[in-house]
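An overview of the molecular structure
As a plain string of letters, each chain reads:
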Amino acid sequence: YPVRLIVDAVKEAVSKGAKEVYLTGQDVASYGLDIETSLPKLLETLLEEASGNYRVRIGMMEPSMLSKIVEELVPLFKDPRLYKYFHIPVQHGDDRVLSLMNRKYTVGEYKSLVERVREGVGLSSLVTDIIVGFPGETEETFQSTLKLLEEIMFDKVHVARYTLRPFTKGYLLPGVPEPVKKRRSRLASELALRISGEVNRKYEGKLTEVLVNGTSFRGDAAGRTPEYKLVIMKGYELRAGDFVKVRITKSTPLHLEGEVVD
C-alpha cells in the first residue's frame, strides 16, 4: 500500500474516534522496499499528519530487515503515540540451526539488535517466536535456545513445534522425534512463562497511563500501557477509548492488574 493511502486511512479513522491503529504485514520492517520508501518514512508522515491522541502498534519485524532501518526507527519512539512494542522473532538460539532454517542473521547479530532497541527506546515490550524440534536440532542446541531466553528476558515468547513443510531444506533433513519435540516445547514454554512473570513483577507499584480498549472475560475494564502491556482494572467500568492513570498493584505472567488514580 502507498504511504498516502495508509496515512489517509488512519486520519479518517482517528477523525471518527479510533484510538488504536495496527500496522501489520508478513514483515512490517520490509515495508516500502518495492515502492522506494520505508517503515520509518511511513511513520514520520503518519505522526506528522494524523493529529490526535491515539496509539500505533507495529507488527512483526524480521531481524535482518529491521537491522537495516533500526537507526532511523528508534528515534521515532520518542512520540508517545507509538506503542513501545517490538515483535522480533529469533526462532532459535544456535547459529548452525539458524543457518539450516535459512535465516539471514546470527544469534550475536540478534542480541546486538535487541540491545540497540532497548538502549534507544528504554522501557519497552519485546516479543519473540521460537521453533523447537527443527531438523538438526540437538539437545545441546536446544539448550542454547533456553539460554538465549534467559539472557534476553523476553516479555512474551510464542513457542512452536516444527512441522514438515514440503519443498523446504528442512523437509529433507533427519527429523526430531515427536515426543522429543513435545518435551522441548513444554520446557521452553514453562521457562518463557516464568521469565514473563519476572518481567511483569517489575511493573508493580508503577504509575502508568492506560488506554482502555475493552473488557476482560470477567467484565472488568481492560487496556494497554505505553509498552502494550495488558492491564485489568477489576471493579471498574470504563469507556473504550479513554486514557486513564493507573497504579499497577499486581502482576501475573500474562497480564497486570491496577487501580485507577484520579
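Everything below is about the structure printed above this text.
The notes below deal with the structure included here. Remember, predicted model here, so these are calculated numbers, not experimental data.

Definitions and limits used
Residues numbered from 1 in each chain as written. Predicted model: local features only at pLDDT ≥ 70, side-chain atom pairs only at ≥ 80, totals over all residues. Heavy atoms only, no water. Buried < 20%, exposed > 50% of the residue type's maximum accessible area, 1.4 Å probe, protein only. Helix = DSSP H or I, 4+ residues; strand = E, 2+ residues; numbered from the N terminus. Arc of directions from axis to C-beta. Contact = heavy atoms within 4.5 Å. Polar contact = N/O pair within 3.5 Å; in protein donor to acceptor, adjacent residues only side chain to side chain. Phe/Tyr/Trp six-rings, centres within 6.5 Å; stacked < 30°, edge-to-face > 60°. Lys NZ or Arg CZ within 6 Å of the ring centre and 35° of its normal. Pairing = 2+ DSSP bridges. Axes fitted to C-alpha atoms, helices over the stretch in contact; angles between N-to-C directions. Core = buried A, V, L, I, M, F, W, Y, C linked by side-chain atoms within 4.5 Å.

1. A word on helix 2 (residues 39-49)
Among the residues of helix 2, those classed as buried are Leu-39, Pro-40, Leu-42, Leu-43, Leu-46 and Leu-47. Within helix 2, the buried residues cover an arc of 155° as seen down the axis, which keeps them to one side. For helix 2, the elements touching its buried residues are helix 1 (3-15), strand 1 (20-23), strand 2 (55-58) and helix 3 (63-73).

2. Examining the side chain of Ser-251
Relative to the helices and strands, Ser-251 is located in strand 9 (residues 243-251). Here Ser-251 falls in the buried class, since its relative accessible area comes to 13%. For Ser-251, the side chain forms a polar contact with the side chain of Glu-204, separated by 2.7 Å. With sequence-adjacent residues up to four places away left out, Ser-251 is seen in contact with Asn-200, Arg-201, Glu-204 and Leu-256.

3. Some remarks on helix 3
When we look at burial in helix 3, the residues that qualify are Pro-63, Ser-64, Met-65, Leu-66, Ile-69, Val-70 and Leu-73. Where helix 3 is buried, its residues contact helix 2 and helix 5 (107-121).

4. Quick notes on the packing of aromatic side chains
Inspection of the entire model under this criterion finds seven aromatic pairs. Considering the side-chain rings of Tyr-105 and Tyr-110, the 6.4 Å spacing of their centres and the 40° angle between planes classify their relative orientation as tilted. Considered together, Tyr-105 and Tyr-110 belong to a single accessibility category, that of buried residues. Look at Phe-134 and Tyr-162: their rings are 4.9 Å apart centre to centre, the planes differ by 65°, and that puts the pair in the edge-to-face class. Separated by 28 residues along the polypeptide, Phe-134 in the loop between strand 4 (125-132) and helix 6 (139-152) and Tyr-162 in the loop between strand 5 (156-161) and helix 7 (178-201) bring together distant segments of the chain. Tyr-162 matches Phe-134 in its accessibility class, with the two residues each being buried. Members of the aromatic cluster, connected to one another through ring pairs, are Tyr-22, Tyr-83, Tyr-85 and Tyr-228. Here Arg-224 stacks its cationic end above the ring of Tyr-228, 4.1 Å away from the centre of that ring.

5. Things to note about the sheet that holds strand 5
Think of a sheet as strands paired side by side through backbone hydrogen bonds, with each pair either parallel or antiparallel. Within the open sheet, the three strands sit side by side as 3-4-5. Their pairing is parallel. Here the strands that pair on one side only, and so sit at the sheet edges, are strand 3 (85-87) and strand 5. Geometrically, the sheet is characterised by an average inter-axis angle of 15° between neighbouring strands, direction not taken into account. Where strand 4 lies against strand 5, six bridges are found, and the strand directions are parallel. By the bridge assignment for strand 5, Ile-130 is matched with Val-159.

6. Remarks on the nonpolar core
Of all hydrophobic cores here, the largest spans 60 residues; its most connected members are Leu-39, Leu-43 and Met-61. Sorting elements by how many residues they give to this core places helix 5 first, with six residues. When residues no more than four places from it in sequence are discounted, the contact partners of Leu-43 are Leu-23, Ile-58, Leu-73, Leu-76 and Leu-82.

7. Here we look at unusual backbone geometry
The backbone of Glu-36 shows a phi angle near 55°, a positive value even though the residue is not glycine. On the secondary structure map, Glu-36 appears in the loop between strand 1 and helix 2. Look at Glu-36 and you get exposed, because its relative accessible area is 77%. Of note, Tyr-228 is a non-glycine position whose phi angle comes to about 65°, a positive value. Counting through the fold element by element, Tyr-228 comes out in the loop between strand 7 (221-224) and strand 8 (230-233). Taking relative accessible area as the criterion, Tyr-228 reaches 11% and is therefore assigned buried.

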